[in-house]
Amino acid sequence: MTSTQFNPFRIAQHQFDTAAELLDLPQSIREILRVPQRELSVNFPVKMDDGSTKVYAGYRVQHNLARGPAKGGIRYHHAVDLDEVRALAMWMTWKCALVNIPYGGAKGGVVVDPRTRSLSELERLTRRFATEISILLGPEKDIPAPDMNTNPQVMAWIMDTISMHRGYTVPAVITGKPVNVGGSLGRVEATGRGVSLMVREIAKQAGLSLDKLQVIVQGFGNVGGTAAMLLEQMGCRVVGVADTNGGYYRRNGLDIQALNDHAARHPYRSLEGYTADGVECPSNAELLEMPCDVLIPAALDGQITSLNANRIHARFIVEGANGPTTPEADDILNDRGIVVVPDILANAGGVIASYFEWVQGLQEFFWDETDVNQKLERIIVGAFEQIYQSAQEKKQSLRTAAYQLAVRRVADATITRGIYP
Ligand code: GLU
């Protein structure tokens, strides 16, 4: 595979095939697991504020349901396509299995740049998309959540739309909702919190203190912004951050609170226009290659490829994004001794907290934030320790060890259930 053929679904299948080979899975199980179980493509009209009507394309893909209902976010992005959603759905299956929460994997997407749409257009688009995919959704069937460019408000509209159709409120049909309509405390920060815990754990294994550990974060949305803030609080020095418009680098450390305040004041958390003493503005691509101890790609997939993997200076990469590293880049990083904490572990904090939200919604019994954070930490750190130990024993990368554990669990569930009829 070469980086010029970048296709996230081919990459996801390649990763699966590698794990299946190592596990010596039966051919029939490989055939089942390397493709999505269900795919729904929809084209739907939305009335624009100027009175015109525009047709949007959207997808919901359920990769696997062997271990429980399908789970995974919905993203709004102008470049989303079916193959990307397929890959993301497959990664959700492995992620849920890896941290041992009772879900299969799914993902959804709408081809739209939400930055170009008004709030009321986004509400109509969301409600119509939710209606189109509602045949798949339900607390016991498929439970969406936020992903790139979607947020608690979008989740509230989806929850409300499904509830209007049913005639009663169905909080557990979606997670990542605002707290005042059944969301969980700690959910918004959960993915970034998980990422910061993974930085802490990998540093601990390497015998490094967090104090002054130099960190670069690509992406300053919910995941990157929160991870940067928590890492700063843990004593790390966040020297670089970037959003879609470009990077910000300061050798002695950036002021993350000031960056977060700037982002909070701008639509879609944009950092554009941020300035401060001693801050350089490298491009997004340059920032990835600047000196640091830990690099956290927390934006789009396909960021670390054979084209730049040789120039990465970090000792550790903690994948906040889904699919930021291509398999070729993975090999290069491995050869260079750069340790990668893989996406299906590093960014699992979000779906773990989603699981807690779903459980709280079904039981109508809500936990305090300390409870949520402690349970999240126990699950994600427990998974890290298990994978780290297995990787050490088998002399494998953390990604290979993680895939083996996750794919094994899904394959076992499939074999135990048997093939119907
Ligand atoms: N979109 C997030 C992810 O990629 C969260 C999914 C969820 O909470 O269901 O893991």
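Quick note: structure is the one above.
These lines cover the structure that appears in this document, whether it is placed above or below. As the structure is a computational prediction, the values presented were derived from the model and not from experiment. (Residues numbered from 1 in each chain as written. Predicted model: local features only at pLDDT ≥ 70, side-chain atom pairs only at ≥ 80, totals over all residues. Heavy atoms only, no water.)

Attention now goes to the sheet that holds strand β1 (residues 38-47). Taken in spatial order, the five strands line up as β1-β2-β4-β3-β5 in an open sheet, and their pairing is mixed. Taken across any chain shown, the strands that pair with only one partner, and hence form the sheet edges, are β1 and β5 (142-146). Direction aside, the axes of adjacent strands within the sheet are offset by 25° on average. (Pairing = 2+ DSSP bridges. Helix = DSSP H or I, 4+ residues; strand = E, 2+ residues; numbered from the N terminus. Axes fitted to C-alpha atoms, helices over the stretch in contact; angles between N-to-C directions.)

This part is about the sheet that holds strand β7 (residues 237-243). Across the sheet, six strands lie side by side as β8-β7-β6-β9-β10-β11; this open sheet has mixed pairing. The open sheet has two edge strands with one neighbour each: β8 (246-249) and β11 (339-341). The sheet shows a mean angle of 15° between the axes of neighbouring strands, taken without regard to direction. The sheet contact formed by strand β6 (residues 214-218) and β7 spans five bridges and is parallel. Its bridge partner lying in β7, V215 is registered against V238.

What follows covers the packing of helix α6 (residues 187-205) against helix α13 (residues 369-394). Here α6 crosses α13 at 45°, and the two axes come no closer than 10 Å. Between α6 and α13, the angle is such that the two are oblique. Here α6 runs over α13; the crossing is right-handed. Note on element contacts: α13 touches α6 through E369, N373, L376, E377, I380, V381, F384, E385 and Y388, opposite E189, A190, R193, G194, L197, M198, R200, E201, I202 and Q205. Tallied by class, residues from the contact of α6 with α13 come to nine nonpolar, three polar and seven charged. (Parallel < 35°, antiparallel > 145°, perpendicular 65-115°, else oblique. Left-handed = near helix turned anticlockwise from the far one by under 90°. Contact = heavy atoms within 4.5 Å. Nonpolar A, V, L, I, M, F, W, Y, C, P; charged D, E, K, R; others polar.)

Further remarks concern the site of the ligand. For the ligand, the set of nearby residues contains 14 residues, the closest of which are K71, K95, K107, D147 and S354. One of the side-chain nitrogen or oxygen atoms of K95 is found 2.6 Å away from an oxygen atom of the ligand. Protein contacts shield 95% of the accessible area of the ligand, which totals 290 Å² for the unbound molecule. When residues of the shell around the ligand are traced back to their parent elements, those giving at least two are β3 (70-77), α3 (82-98), β5 and α12 (349-363). (Near = heavy atom within 4 Å. Polar contact = N/O pair within 3.5 Å; in protein donor to acceptor, adjacent residues only side chain to side chain. Areas by Shrake-Rupley, 256 points an atom, 1.4 Å probe, with all protein chains shown as cover.)

Spanning 19 residues, α6 covers 27 Å between terminal C-alpha atoms, matching the ideal 27 Å at 1.5 Å per step. Of all the bends in α6, the largest measures some 25° and sits at R193. G207 sits one or two positions beyond α6 and adopts a positive phi of about 70°. (Expected span 1.5 Å × (residues − 1). Bend = angle between axes of the 7 residues up to and from the residue.)

Turning our attention to the environment of K54. Checked against the element boundaries, K54 lands in strand β2 (residues 53-64). Judged by its relative accessible area of 38%, K54 is partly exposed. With 49 residues separating them along the chain, K54 and Y103 place their C-alpha atoms 35 Å apart. When near neighbours in sequence (up to four residues on either side) are disregarded, K54 contacts F44, P45, V46, M48 and R117. (Buried < 20%, exposed > 50% of the residue type's maximum accessible area, 1.4 Å probe, protein only.)

Where α13 contacts helix α14 (residues 398-417), the axes come no closer than 8 Å and their chain directions differ by 115°. One finds that α13 runs roughly perpendicular with respect to α14. Note that α13 runs across α14; the crossing there is right-handed. Contacts from Q386, I387, Y388, S390, A391 and K394 in α13 reach L398, A401, A402, Q404, L405 and R409 in α14.

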